[in-house]
Amino acid sequence: MVIPFLGVYMTDALNFSLEEAGTILSCFGAGAIFGSTLGGWLSDKVGNFKVQFLCLMLTVPVFCLLPQLKDPISLAAGVFVLSVISETFRPANTVSIASYTTPENITKAFSLNRMAMNLGFSIGPALGGFLAAWSYHWLFYGNALSSGLAGLFFYLYFKGREKRILAKPEVAASGTPGSPWKDPYFLIFSFFCCLYSVCFFQLLSTLPLFYRTVHHLSEWNIGVILAFSGFVVFSLEMILVHVAGRRWSTSTVIIAGTLFCGASYLVLLLPGKYPVLYFGMLLLCLSEILAMPFMATLTMQRAPGDKQGAYMGVNSLSFSAAHIVSPFVGTRIASHYGFDVLWSLTGLVSLLTAVGFYWVIKKL
């Protein structure tokens with residue numbers, strides 16, 4: 001609930017400038033880099049069950065503390081801590097998914113988990129918009145409550161089930177180095193994942209600000225558009241992933257998803273309001289559906305069986321780095337040159353990234 005509204009909260013409720021809001025949102029990415037690395041290492045050392053449970057529970061007090069932080073420095077520190085905890089969860093969660101599925105179903109398993117998250121995202125922003133319109137404090141407390149309930153249900157269901165043999169990759173990568181940091185083509189692949197994410201994560205930073213400042217949408221209307229994105233992904237992802245996985249190569253699907261990402265922002269240059277905004281969001285949903293599950297699958301296929309946590313940690317690191325670059329650069333471009341320039345550059349970067357994926361996936 002909180003992250004999509006954090007930029008609007010800072011500019012509206014706390015009267016921060018657009019650049020201050022972008023800098024604080026970048027602190028989320030800085031914490032995510034540390035958390036992604038820590039999460040991959042901890043998953044291999046202590047097991048994904050303990051990592052996931054502790055992360056879910058530790059976010060509760062942090063969400064309760066955030067509305068008490070009113071100045072940029074303290075709020076930046078709070079957002080950084082929140083990000084470290086929440087992003088430590090992600091590599092552990094991905095390894096956990098791999099341990100509960102078969103090699104031939106691993107992409108579908110990632111998609112099923114993402115479908116669950118997007119079901120939450122189809123509810124969370126709408127509920128968050130309602131709570132934010134009433135009181136921003138309740139936005140934070142509502143997110144704390146949902147995290148606590150998630151941790152409780154997770155513990156009750158998965159306790160005693162954490163020791164599983166990890167599913168082996170669908171295709172063993174011959175000659176794959178033991179460490180992802182010694183795998184140059186994988187590192188290049190992760191770099192292009194970062195570029196894709198810089199474009200995609202405008203969804204969580206500049207896009208809500210665009211809705212607010214250019215189209216003057218209320219918190220509720222912003223929440224409904226974001227909820228629409230979650231509902232579309234929830235409804236279509238399993239079907240589209242199944243069809244795409246059977247008919248096209250991993251490279252083709254990831255490239256198509258990357259091009260859809262660029263198109264979704266270029267659409268925002270067209271005149272109009274709700275039809276344009278919802279169509280752009282639909283294209284962004286298609287991008288997410290096609291690109292992200294297959295990026296995770298390719299990562300798991302590349303990783304040796306005992307290094308899946310490390311490989312997922314490095315790949316998650318690319319997304320975390322994008323959390324720094326995306327709001328920091330996006331808000332500054334929008335502030336100095338306008339949103340039209342931002343959307344044009346996002347489309348161009350997406351096109352170049354698609355070309356990069358075409359080259360590096362052939363090497364992988």
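Residues numbered from 1 in each chain as written. Predicted model: local features only at pLDDT ≥ 70, side-chain atom pairs only at ≥ 80, totals over all residues. Heavy atoms only, no water.

*Asks:* What exactly am I supposed to notice about the overall build of the protein here?
*Replies:* Regarding its fold elements, the protein presents 13 helices and 0 strands. When the elements of the protein are put in sequence order from the N terminus, they spell out α-α-α-α-α-α-α-α-α-α-α-α-α. For the protein, restricting intrachain contacts to residue pairs at least 6 apart in sequence, the fraction spanning at least 24 positions comes to 85%. With an accessible surface of roughly 15500 Å², the protein has 70% of that area assigned to carbon and sulfur atoms. Counting 21 positive and 15 negative side-chain charges, the protein places the averaged centre of each group 10 Å from the other. (Helix = DSSP H or I, 4+ residues; strand = E, 2+ residues; numbered from the N terminus. Contact = heavy atoms within 4.5 Å. Areas by Shrake-Rupley, 256 points an atom, 1.4 Å probe, with all protein chains shown as cover. Lys, Arg positive; Asp, Glu negative; His and termini not counted. Charge placed at Lys NZ, Arg CZ, Asp CG, Glu CD.)

*Asks:* Quick question: what am I supposed to make of the pattern of salt bridges here?
*Replies:* For side chains of opposite charge, pairing can occur when their charged atoms come near one another. If you walk through the whole model with that rule in mind, you get 4 salt bridges. Note that Glu87 is salt-bridged to Arg90, the shortest N-O span being 2.9 Å. Of the two residues, Glu87 and Arg90 both sit in helix H4 (residues 72-99), 3 residues apart, roughly one turn of that helix. A residue is classified by how much of its surface remains accessible, and Arg90, at 43% relative accessible area, is partly exposed. A salt bridge links Asp183 to Arg302; the nearest nitrogen and oxygen atoms lie 2.8 Å apart. Of the two residues, Asp183 sits in the loop between helix H6 (136-158) and helix H7 (184-200) while Arg302 sits in helix H11 (residues 274-302), which places them 119 residues apart along the sequence. The network of salt bridges with shared partners includes Asp12, Arg212 and Glu219. (Salt bridge = Lys/Arg side-chain N within 4 Å of Asp/Glu carboxyl O. Buried < 20%, exposed > 50% of the residue type's maximum accessible area, 1.4 Å probe, protein only.)

*Asks:* Explain helix H3 (residues 48-65) here, please?
*Replies:* Count 3.6 residues to each turn of an α-helix, and residues three or four apart come out pointing the same way. Between the first and last C-alpha of H3 there are 27 Å, a value that for 18 residues agrees with the 26 Å anticipated at 1.5 Å per step. On its buried face, H3 is in contact with helix H1 (2-12), helix H2 (18-46), H4 and H6. (Expected span 1.5 Å × (residues − 1).)

*Asks:* Any chance you could explain the packing of H4 against helix H12 (residues 308-337) here in plain terms?
*Replies:* To characterise two packed helices, one gives the angle between the axes of the helices and the distance between these axes. Interhelical geometry of H4 versus H12 gives an angle of 135 degrees and a closest axis separation of 9 Å. Classified by the interaxial angle, the pair formed by H4 and H12 is oblique. When the axes of H4 and H12 are compared, the crossing they make is right-handed. Along its contact with H4, which presents Glu87, Pro91, Thr94 and Val95, the element H12 presents Gln308, Gly309, Met312, Gly313, Ser316 and Ser320. Considered class by class, the residues forming the contact of H4 with H12 number 3 nonpolar, 6 polar and 1 charged. (Axes fitted to C-alpha atoms, helices over the stretch in contact; angles between N-to-C directions. Parallel < 35°, antiparallel > 145°, perpendicular 65-115°, else oblique. Left-handed = near helix turned anticlockwise from the far one by under 90°. Nonpolar A, V, L, I, M, F, W, Y, C, P; charged D, E, K, R; others polar.)

*Asks:* Help me understand the nonpolar core, please; the structure alone is not making it clear to me.
*Replies:* A general trend in soluble globular proteins is that nonpolar side chains are found buried together. Residues Met10, Phe189 and Phe357 are the most contacted members of the largest nonpolar core, which totals 88 residues. The contact partners of Phe189, leaving out residues within four places of it in the chain, are Ile254, Met295, Leu298, Thr299, Asn315, Phe357, Val360, Ile361 and Leu364. One finds Ile97, Ala98, Ala109 and Met300 within the second-largest nonpolar core, a separate group that totals 8 residues. (Core = buried A, V, L, I, M, F, W, Y, C linked by side-chain atoms within 4.5 Å.)

*Asks:* Help me out: how do you make sense of the packing of aromatic side chains in this one?
*Replies:* Aromatic rings considered in pairs are described by the distance between their centres and by the relative angle of their planes. Enumeration according to the criterion identifies 25 aromatic pairs in this entry. Taking 5.7 Å as the distance between ring centres and 70 degrees as the angle between the ring planes, the aromatic pair formed by Tyr100 and Phe158 counts as edge-to-face. Taken together, the residues span a long stretch of sequence, with Tyr100 in the loop between H4 and helix H5 (106-134) and Phe158 in helix H6 at a distance of 58 residues. Residue classification places Phe158 among the partly exposed positions, given a relative accessible area of 23%. Arranged with centres 6.0 Å apart and planes meeting at 55 degrees, the rings of Phe192 and Phe357 form a pair that is tilted. Linking Phe192 in helix H7 with Phe357 in helix H13 (residues 339-363), this pair joins segments that are 165 residues apart in sequence. (Phe/Tyr/Trp six-rings, centres within 6.5 Å; stacked < 30°, edge-to-face > 60°.)

*Asks:* It is not clear to me how a nonpolar patch on the surface should be interpreted in this structure. Could you clarify?
*Replies:* Together, Leu119, Ile123, Leu127, Phe130, Trp134, Trp138 and Trp220 line one region of the surface with nonpolar side chains, adding up to about 780 Å² of accessible area. Element by element, the count of residues in the nonpolar patch is highest for H5, at 5 residues. Within the secondary structure, Phe130 sits in helix H5. (Patch = residues over 30% accessible without salt bridge, like charges linked within 9 Å, V, L, I, M, F, W, Y side chains within 5 Å.)

*Asks:* Hey, could you run me through unusual backbone geometry in this one?
*Replies:* Glycine aside, the phi torsion of most residues is negative, and most peptide linkages are trans. With a phi close to 60 degrees, Asn15 is a non-glycine residue in the positive phi region. Mapped onto the fold, Asn15 is located in the loop between H1 and H2. Residue Asn15 is classed as exposed on the basis of its relative accessible area, which comes to 63%. In this structure, His216 is a non-glycine residue whose phi angle is positive, near 55 degrees. Tracing the chain through its elements places His216 in the loop between helix H8 (206-213) and helix H9 (219-247).

*Asks:* For this particular structure, what's the right way to read the state of the cysteines?
*Replies:* Put plainly, a disulfide is one covalent bond tying together the sulfur atoms of two cysteines. Scanning the entire structure with this criterion turns up 0 disulfides. Lacking any disulfide linkage, Cys55 is separated from the closest cysteine sulfur, that of Cys64, by 17 Å. Judged by relative accessible area, which is 8%, Cys55 ranks as buried. The thiol sulfur of Cys261 is not disulfide-bonded, and the nearest other cysteine sulfur, from Cys199, lies at 5.2 Å. Among the residues examined, Cys261 registers a relative accessible area of 0% and is labelled buried. (Disulfide = S-S within 2.5 Å.)

*Asks:* It is not clear to me how the environment of Gly272 should be interpreted in this structure. Could you clarify?
*Replies:* Note on placement: Gly272 falls in the loop between helix H10 (250-266) and H11. You can call Gly272 partly exposed: its relative accessible area is 45%. The sequence separation of Gly272 and Leu14 amounts to 258 residues, and the corresponding C-alpha distance is 30 Å.

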